[in-house]
Amino acid sequence: MHQRSFPTTAALLCAAVVLSACNRAPEVALAPQSSARVCRSVAWPGTVSGHARVATQPDDASVAAWGDPAIFARCGLDPLGPTTDSCVTVDGVDWVVRPLSDGSKATTFGRTPAIEVLAPSTYGPVPLLLPAFTAAAKALPTNGRHCS
C-alpha cells in the first residue's frame, strides 16, 4: 500500500509546486523616484479594462498590476523631456506612447514624477487602457510640458 500511495503523493506535491509557481506575483522594477510622496499614496484603479488588480513583487505602493498577463503601472519615473514620439491626450492627461516588442507603454508627459503603463499586446493599444489611470495621473504635479 505504501508503494502505491508514494507515486500519488509525489505527483500531488509536484502539482502543488507547479501551481504555486504559476501563482507567483508578477515582478516589477521600482522607478527611480518611487519613494516620492505622491507615488507612496497614488490611487491606482481597482480594475483596468475589466481585469482585477493582482499582487506585485515587490509589494510597493508605487507599483500595481492587473490581469494575466499583467498590465503594469509604475509611479516615480523621471519626467520625459521634449520628444518626437507619439503623444496623445486622454481625459486631459498627456501621454507619450511607445511600441514594445510585445505590447506598448505609455508615460505621462508634463508630470513630475511620471507614471508609466506597460501593456502586453493581448490588451490592444495601450491608449485604450489609459482612462483607468486618469485620476492617478492628475494627482501628479505638472511641469508645464504638453503634447503639441
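Residues numbered from 1 in each chain as written. Predicted model: local features only at pLDDT ≥ 70, side-chain atom pairs only at ≥ 80, totals over all residues. Heavy atoms only, no water.

Asks: Looking at this structure, I do not really get the pattern of salt bridges. What am I missing?
Replies: Think of it this way: side chains of opposite charge can pair up when their charged atoms draw near. Counted according to the given criterion, the structure contains 5 salt bridges. For R74, the salt bridge is made with E116, and the minimal N-O distance between the two is 2.9 Å. Here the residue R74 occupies a position in strand 4 (residues 71-77), and E116 occupies one in strand 8 (residues 114-120), the gap between them amounting to 42 residues. As far as the burial class goes, R74 and E116 line up, both buried. Residues D85 and R98 are paired through a salt bridge, measuring 2.3 Å at the closest nitrogen-oxygen approach. Note that D85 is positioned in the loop between strand 4 and strand 5 (86-90) and R98 in strand 6 (residues 93-100), a separation of 13 residues in sequence. Judged by relative accessible area, which is 31%, D85 ranks as partly exposed. On the basis of relative accessible area, R98 is assigned to the partly exposed category, the value being 24%. (Salt bridge = Lys/Arg side-chain N within 4 Å of Asp/Glu carboxyl O. Helix = DSSP H or I, 4+ residues; strand = E, 2+ residues; numbered from the N terminus. Buried < 20%, exposed > 50% of the residue type's maximum accessible area, 1.4 Å probe, protein only.)

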